[in-house]
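Here is what each chain is made of, one letter per residue.
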Amino acid sequence: MASSVAAIEEEMEMEIPEGYAEIVVVRHGETSWNASRILQGQLDSELNEIGRQQAAAVANRLSKEPKFNAIYSSDLKRAADTAQIIANQCGLKEVILDEALRERHLGDLQGMTMVDAQKMKPSAYKAFLAHKRDQEIPGGGESLDQLHQRCVSSFQKIASQHKGERVIVVSHGGFIRELYRKAAPNRKLEGKIQNTSVSVVLISASNNRWFVKKWGDTSHLQGIVMLDSGFGGDKTSG
């Protein structure tokens, strides 16, 4: 199954460059809220049956790769459950939960559909769709700049603790889009971050160098439904 975000690979194969950490980034499996096009933000929602199948598929894929030293996850249930399925399959004893890996806080829009948000929270709805980097969302929501800083800071911290190692991070569509913005600033990201898509970045925390090794790979989802009409993973991710 082809990914909606084309896989992008740098000429960096096999060995991890000295001083770098290799971070395999996975978006959580599908939730019923994704399917219902509800803005999740930092509210908790659970994996649906398709989401659990996706998590099992990505876990099987990663279990066949070279050893991982650790797995980190957003503490939101949809990500943490995906991570636990991966950890069990890959023989990792503990999922390290970190609230810094959460999805963007969407303020007053959390738990609403876009249609309802437009009617009931028009100022928050307009702020969300403005896509201005410094625009916070009414109700305590983050700006894209704030999300970006949180993303970069959390990954720099992980990279500094795992030089020369491979680790897995399970997070969310909006968060992962900001990761790409940092790692490939001169490339425009098209399409969605699909549920349980696999991306790989190399990070040197000491000199703040980031490289994309692979992006948006969903080859492990052959035979499993991907809900292209579902919400999340694009520029209005949440």
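Residues numbered from 1 in each chain as written. Predicted model: local features only at pLDDT ≥ 70, side-chain atom pairs only at ≥ 80, totals over all residues. Heavy atoms only, no water.

1. A short note on the UniProt feature "active site" (unreviewed entry) in the chain
Here is step 1 of the chain: As recorded in UniProt, the sites labelled "active site" (unreviewed entry) are His 28 and Glu 103. A stretch of 76 residues holds the annotated residues, and the largest C-alpha distance among them is 10.7 Å, short enough that they meet in one place.
Here is step 2 of the chain: Of the residues examined, His 28 reaches a relative accessible area of 1% and is grouped as buried.
Here is step 3 of the chain: Within the secondary structure, Glu 103 sits in the loop between β3 (95-97) and α4 (114-120).
Here is step 4 of the chain: A residue is classified by how much of its surface remains accessible, and Glu 103, at 3% relative accessible area, is buried. (UniProt positions renumbered as here; feature names shortened; annotations may be inferred. Buried < 20%, exposed > 50% of the residue type's maximum accessible area, 1.4 Å probe, protein only. Helix = DSSP H or I, 4+ residues; strand = E, 2+ residues; numbered from the N terminus.)

2. Details of the environment of Gln 222
Here is step 1 of the chain: Relative to the assigned elements, Gln 222 resides in the segment after β6 (209-217).
Here is step 2 of the chain: Owing to a relative accessible area of 57%, Gln 222 belongs among the exposed residues under this scheme.
Here is step 3 of the chain: Between the alpha carbons of Gln 222 and Ala 57 there is a distance of 9.1 Å; along the sequence they are 165 residues apart.

3. Structural notes on the sheet that holds strand β2 (residues 70-73)
The strands making up a sheet associate through backbone hydrogen bonding, with each pair oriented either parallel or antiparallel.
Here is step 1 of the chain: The six strands are arranged β3-β2-β4-β1-β5-β6 in an open sheet whose pairing can be described as mixed. Each end of this open sheet is capped by a strand with a single partner; those strands are β3 and β6. The sheet shows a mean angle of 25 degrees between the axes of neighbouring strands, taken without regard to direction.
Here is step 2 of the chain: Pairing of strand β1 (residues 21-27) with strand β4 (residues 166-171), which is carried by six bridges, proceeds in the parallel orientation. The residue bridging Val 25 from the neighbouring strand is Val 169, located in β4.
Here is step 3 of the chain: Strands β1, β4, β5 (198-204) and β6 of the sheet are contacted by helix α2 (residues 49-63), whose axis makes an angle of about 160 degrees with β1.
Here is step 4 of the chain: Contacts between helix α3 (residues 77-90) and the sheet are confined to β1, β2, β3 and β4, with β2 contributing the most and set at about 165 degrees to the helix. (Pairing = 2+ DSSP bridges. Axes fitted to C-alpha atoms, helices over the stretch in contact; angles between N-to-C directions. Contact = heavy atoms within 4.5 Å.)

4. Thoughts on the packing of aromatic side chains
Here is step 1 of the chain: A complete count under the given rule lists four aromatic pairs for this structure.
Here is step 2 of the chain: Taking the centre distance of 5.9 Å and the plane angle of 45 degrees together, the rings of Tyr 20 and Phe 211 count as tilted. Of the two residues, Tyr 20 sits in the segment before β1 while Phe 211 sits in strand β6, which places them 191 residues apart along the sequence.
Here is step 3 of the chain: Members of the aromatic cluster, joined through ring pairs, are Phe 155, Phe 175 and Trp 210. (Phe/Tyr/Trp six-rings, centres within 6.5 Å; stacked < 30°, edge-to-face > 60°.)

5. Some points on the pairing of β6
On a regular strand, each side chain points to the face opposite its neighbour's, so the side chains alternate between the two faces of the sheet.
Here is step 1 of the chain: Here β6 lies mainly inside the structure; eight of its nine residues are buried.
Here is step 2 of the chain: Between β5 and β6, which pair antiparallel in sequence order, lie four residues; one of them, Asn 208, sits at a positive phi of approximately 55 degrees.

6. A short note on the UniProt feature "binding site: substrate" (unreviewed entry) in the chain
Here is step 1 of the chain: Residues given the UniProt feature "binding site: substrate" (unreviewed entry) here are Arg 27, His 28, Gly 29, Glu 30, Thr 31, Ser 32, Trp 33, Asn 34 and Arg 78.
Here is step 2 of the chain: Among the secondary structure elements, Trp 33 is positioned in helix α1 (residues 32-35).
Here is step 3 of the chain: Contacts of Trp 33, omitting those with residues within four sequence positions, involve Ile 38, Leu 39, Gln 40, Leu 43, Asp 44, Ser 45 and Gly 111.
Here is step 4 of the chain: Within the secondary structure layout, Arg 78 lies in helix α3.
Here is step 5 of the chain: Residue classification places Arg 78 among the buried residues on the basis of a relative accessible area of 0%.
Here is step 6 of the chain: Filtering out sequence-adjacent residues up to four positions away, Arg 78 remains in contact with His 28, Gly 29, Thr 31, Gln 40, Gly 41, Leu 43, Asp 44, Ser 45, Leu 47, Glu 103 and His 172.

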